[in-house]
Amino acid sequence: MRMLARNDSLVTEFILAGLTDRPELQQPLFYLFLMIYIVTMVGNLGLIVLIGINSHLHTPMYYFLFNLSFIDLCYSSVFTPKMLMNFASKKNIISYIGCMTQLFFFLFFVISECYLLTLMAYDHYVAICNPLLYKVTISHEMCSVLTLAAYAMGFAGATAHTGYMLKLTFCNANIINHYLCDILPLLQLSCTSTYVNEVVVLIVVGINITIPSFTILISYIFILISILHIRSTQGRSKAFSTCSSHIIAISLFFGSATFMYLKYSSPESMDQQKVSSILYTNVGPMLNPLTYSLRNKDVKVALRKALIKIQRTRYVLTAMAYDRYVAICKPLLYTVTMSSKTQPYRRMPTGNGSLVPEFILMGLTDQPALQLPLFFLFLVMYMVTVLGKLGLITLIGLTSHLHTPMYFFLFNLSFIDLCYSSVFTLKMLMNFISEKNIISYTWCMTQLYFFLFFVISECYVLTSMAYDRYVAVCNPLLYNIAMSPDVCFNLLFDSYLMAFSGAMAHTGCMLRLTFCDANTVSHYFCDVLPLLQLSCTSTYVNELVLFIVGGIHIIFPSLIIFISYGFILSSILRINSTEGRSKAFSTCSSHIITVSMFFGSGAFTYLRPSSASSMNEGKISSVFYTNVVPMMNPLIYSLRNKDVKLALRKTLRIKRF
């Protein structure tokens, strides 16, 4: 009697409920997961290309890492594009065939990753416990067989799950309480018995989690025993650091997968499962290139060699273009112009020795007597900054009456301050207590990029806060419309977009320069002007970009802030009551102090010609916007604010109760 008589009674499409049903969270989640997906694609593709083109990385360890990056790239792409489309669309529809296809490939790549992580643990075990037999035990043939077995287990598991899912009937209910077609949400929609499917889930998932977990556990027990037998402290530390990345990755992956599948499923637990699945579907693939490769010396060397090849190719192409220009436009002078002494390609670096692989940071001062006091001073400042920012972020997040545009911008300002302080302060503190303050070329460029990204973001977030104050004071009746959640999100997105473009412009131009012999950076972090002084090639384009882009990011926000406060001052002077004027002035004074200190020191540092004599002045002025401003923002923005004081008092009462 339960047999369906007509095909039109079967579900032909499903509706994905997504990660959340709150409309105000759709846009920020879209940008968040888009950024995660971009980082995942760039990181894993870069790692695949780097391993493929570098022969010294053609070892078992990097062979497995190559396949891991390929799997992460594939299974992220199985569901993330659809997930991003669903954030931007009203009704998130996926066809029955598309859903089953997504389910199969998602399971195939996830199960394959389980066994590939196991193979990497076995590879570490052989390398540490049996190093003399490593090449015999982990031969190229053995690597291929083991990898094929991992993919075969993935295929078998995915076929079992998808095959039994195709046997089920879906009648009327078609809303999947998830952001992808996964097993447990689909089982809840079936109008036929799911007992066999649940048994298959328990057995197959149990095998694909228990066997790899058990193998990994045994491998690391033997690894731990071998490490404890190592006498040198340096050897132990190196072995532990080699394994720590893999341990973090497997804990994140297997822990969230176990929580997701090996427990009783119910509609109430599905929200928890959606959140836990983010760890192995989005966070894991994004972090793997970082945890496995960027901390690895072999990958750093390979990346440096690749950059050198690109740079040498650029020189050769430039020389060839110049040769054709002289041959066609100045044929009579060709022999003289293109002699061996004047050929442009003679300036091309001939090897790694002519390029700087690392820089030395001079720090804030070269006086030894000041190093220790400055270490404690900046350590205290950083601790105050971190505690203040984390406290403010937590307070705004937990207190519902602080979910307003003003505190939304303050939340993001605190996040930005916390990030860009952490970009350089930790390295700065290490440099105070170390003899030689070395930073690699790659990390120097990375530090430069993220520092510029967060600093430019702060410029525009401060501008958005000024606009928010203008609307609140000058147009209070239209405040809720003018500063709606959509407007706030768009302003914040534009701030980050401007920061991304500015940081890319500066860092991209910096990567074009050649650093020959001089490698001492006259600063406590990698900033634009100190690096320009070290280049052995022309920096005219960089200085022009610095003046134009830096000018835009300082003058444009400053102009908007100035105009906003011009209207605010005009409105305040029209207020009849002295108390109202005083309140309005006190509300704006904190923002004016921060803006003056931040933009003033930024303009003094960047909007003037660079010279060696002015570098010490630039270091001192940069302390204001890199250390002082992030530390003072929680005080001048929040601790003088009645709403924040009230929220803090309520939080403390709840905790005491």
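To start, this report covers the structure provided alongside it.

Definitions and limits used
Residue positions are given per chain, counted from 1 along the sequence in the order it is written. For this predicted model, a pLDDT threshold of at least 70 governs which residues receive local features, and a threshold of 80 or more governs which side-chain atom pairs are given and counted, while totals over whole chains, interfaces and linings are taken from all residues. Water and hydrogen atoms play no part in the side-chain values, which are based on all heavy atoms of the structure. A pair is scored as a salt bridge if a Lys or Arg side-chain nitrogen falls within 4 Å of a carboxyl oxygen belonging to Asp or Glu. In this text, helices come from DSSP runs of H or I with a minimum length of four residues, and strands from runs of E with a minimum of two, each type numbered from the N-terminal end. Only protein chains enter the accessibility calculation, which uses a 1.4 Å probe; a residue whose area is less than 20% of its type maximum is buried, one above 50% is exposed, and one in between is partly exposed. Paired rings are identified among Phe, Tyr and Trp, the last through its six-membered ring, by centres lying within 6.5 Å, and are further divided according to the angle between planes into stacked (under 30 degrees), edge-to-face (over 60) and tilted (the rest). Strand pairing is assigned whenever DSSP identifies at least 2 bridges connecting the two strands. Pairs of residues are marked as contacts when any of their non-hydrogen atoms sit within 4.5 Å. Lines fitted to the C-alpha atoms define the axes, with helices restricted to the stretch that makes contact. Angles between their N-to-C directions range from 0 to 180 degrees. The patches reported here contain residues having more than 30% relative accessible area and no salt bridge. Joining distances are 9 Å for like charges and 5 Å for nonpolar side chains (Val, Leu, Ile, Met, Phe, Trp, Tyr). Per-residue accessibility takes into account occlusion by the displayed protein chains alone, with areas from the Shrake-Rupley method and a 1.4 Å probe. Orientation is classified from the angle alone, with under 35 degrees giving roughly parallel, over 145 giving roughly antiparallel, 65 to 115 giving roughly perpendicular, and any other angle giving oblique. Should the near helix be turned counterclockwise from the far one by less than a right angle, the crossing is left-handed, whereas a clockwise turn marks it as right-handed. Gly counts as polar in this scheme, as do all residues outside two lists: the nonpolar Ala, Val, Leu, Ile, Met, Phe, Trp, Tyr, Cys and Pro, and the charged Asp, Glu, Lys and Arg. Only four residue types enter the tally: Lys and Arg on the positive side, Asp and Glu on the negative side, with His and both chain ends excluded. Note that the charge is assigned to NZ on lysines, CZ on arginines, CG on aspartates and CD on glutamates. Joining through side-chain atoms within 4.5 Å is the link that ties buried Ala, Val, Leu, Ile, Met, Phe, Trp, Tyr and Cys residues into a set, and such a set is a nonpolar core. Expected span of a helix, by definition, is 1.5 Å for each gap between consecutive residues, and there is one gap fewer than residues. Each residue is assigned a bend, namely the angle between axes fitted to the seven residues that terminate at it and the seven residues that start at it. Disulfides are defined as cysteine sulfur pairs within 2.5 Å.

This part is about the pattern of salt bridges. Under the counting rule described, the total for this entry stands at two salt bridges. One salt bridge connects Lys389 with Asp417, and the closest N-O pair in it is separated by 2.9 Å. Of this pair, Lys389 sits in helix H12 (residues 368-398) while Asp417 is found in helix H13 (residues 405-433), placing the two residues 28 residues apart along the sequence. Asp417 matches Lys389 in its accessibility class, with the two residues each being buried.

Okay, the packing of aromatic side chains next. Applying the stated rule across the entire model yields 36 aromatic pairs. Where Tyr125 meets Phe222, the ring centres are 5.8 Å apart and the plane angle is 55°; that geometry is what we call tilted. Residue Tyr125 is found in helix H3 (residues 96-129), and its partner Phe222 is found in helix H7 (residues 195-228); the two are separated by 97 residues along the sequence. When its relative accessible area of 21% is taken as the criterion, Tyr125 is described as partly exposed. Through pairs of rings, three or more aromatic residues link up here, namely Phe104, Phe105, Phe108, Phe109, Tyr151 and Phe155.

Moving on, we come to the sheet that holds strand E1 (residues 13-16). Spatially, E2-E1-E3 is the arrangement adopted by the three strands of the open sheet, whose pairing is mixed. Both outer strands of the open sheet, strand E2 (93-95) and strand E3 (175-176), are each paired with one neighbouring strand and no more. Both E1 and E3 contribute to a ladder of two bridges, which runs parallel. Bridge assignment links Ile15 to a residue of E3, and that residue is Ile175. Here H3 sits on the sheet and contacts E1, E2 and E3; the angle it forms with E2, its principal contact strand, is near 85°.

Attention now moves to a nonpolar patch on the surface. A cluster of nonpolar side chains, contributed by Met153, Tyr164, Tyr195, Val196, Val199, Leu202, Ile203, Ile207 and Ile211, occupies part of the molecular surface with about 810 Å² of accessible area. The set of elements that each furnish at least two residues to the nonpolar patch consists of helix H5 (140-166) and H7. In terms of residue count, the dominant contributor to the nonpolar patch is H7 (seven residues). The class of Val196 is partly exposed, set by a relative accessible area of 42%.

Two measures define how a pair of helices packs: the angle their axes make with one another and the distance between the axes. Between helix H16 (residues 485-511) and helix H18 (residues 540-573), whose axes approach to 10 Å, the crossing angle comes to 165°. Between H16 and H18, the interaxial angle falls into the category roughly antiparallel. Like other packed secondary-structure pairs, H16 and H18 cross with a definite hand, here left-handed. Of the residues in H18, those touching H16 at Met498, Gly502, Ala505, His506, Cys509 and Met510 are Asn542, Val545, Leu546, Val549, Gly550 and His553. Across the contact of H16 with H18, the residue classes tally to seven nonpolar, five polar and no charged.

Our focus in this paragraph is the pairing of E1. By the bridge criterion, three bridges tie E1 to E2 in an arrangement that is antiparallel. Across the sheet, residue Phe14 finds its bridge partner in E2, namely Ile94.

This brings us to the sheet that holds strand E6 (residues 520-521). Reading across the sheet, the three strands line up as E5-E4-E6 and stay open at both edges, with mixed pairing between neighbours. Sheet topology places strand E5 (438-440) and E6 at the edges, where each strand pairs with a single neighbour. Judged from the two bridges that link them, strand E4 (residues 358-361) and E6 form a sheet pairing that is parallel. Bridging across to E6, Ile360 finds its partner in Thr520. Against the sheet, helix H14 (residues 441-474) engages E4 and E5, with an angle of about 85° to E5.

For the rest of this paragraph, the subject is the environment of Gln447. Secondary-structure assignment places Gln447 in helix H14. Using a relative accessible area of 6% as the deciding quantity, one classes Gln447 as buried. For the pair Gln447 and Val423, spaced 24 residues apart in sequence, the C-alpha to C-alpha distance is 6.3 Å. Among residues more than four places away in sequence, those in contact with Gln447 are Val423, Phe424, Lys427, Ile439, Phe525 and Cys526.

As a further point, take a positive patch on the surface. There is a patch of like positive charges on the surface, built from Lys583, Lys642, Lys645 and Arg649. In terms of residue count, helix H21 (residues 642-656) provides more of the positive patch than any other element does, three residues in total. Judged by its relative accessible area of 43%, Lys645 falls in the partly exposed class.

Turning our attention to the nonpolar core. Core analysis: the biggest nonpolar cluster contains 78 residues, and Phe359, Phe378, Met510, Leu531 and Phe598 have the highest contact counts within it. Examining the composition of this core, we find that 18 residues originate from one element, H14, more than from any other. Setting aside residues no more than four positions away along its own chain, Phe359 makes contact with Asn437, Ile438, Ile439, Tyr441, Cys444, Phe515, Asn519, Val521, Leu531 and Leu534. One finds Ile209, Ile278, Tyr280 and Ala302 within the second-largest nonpolar core, a separate group that totals 75 residues.

The next thing to look at is H7. With 34 residues, H7 extends 48 Å from end C-alpha to end C-alpha; this agrees with the ideal 50 Å at 1.5 Å per step. If you look at H7, its biggest bend is around 25°, right at Gly206.

We now examine the state of the cysteines. Applying the stated criterion across every chain, the model contains four disulfides. One disulfide in the model links Cys171 with Cys191; its S-S distance is 1.8 Å. Taking the torsion about the S-S bond as the criterion, the Cys171 to Cys191 disulfide, at about 65°, is right-handed. With Cys171 in the loop between H5 and E3 and Cys191 in the loop between helix H6 (183-187) and H7, the pair connects residues that are 20 residues apart, well separated along the chain. If you count the bonded cysteines of the protein chain from the N-terminus, they pair up as 1-3, 2-4, 5-7, 6-8.

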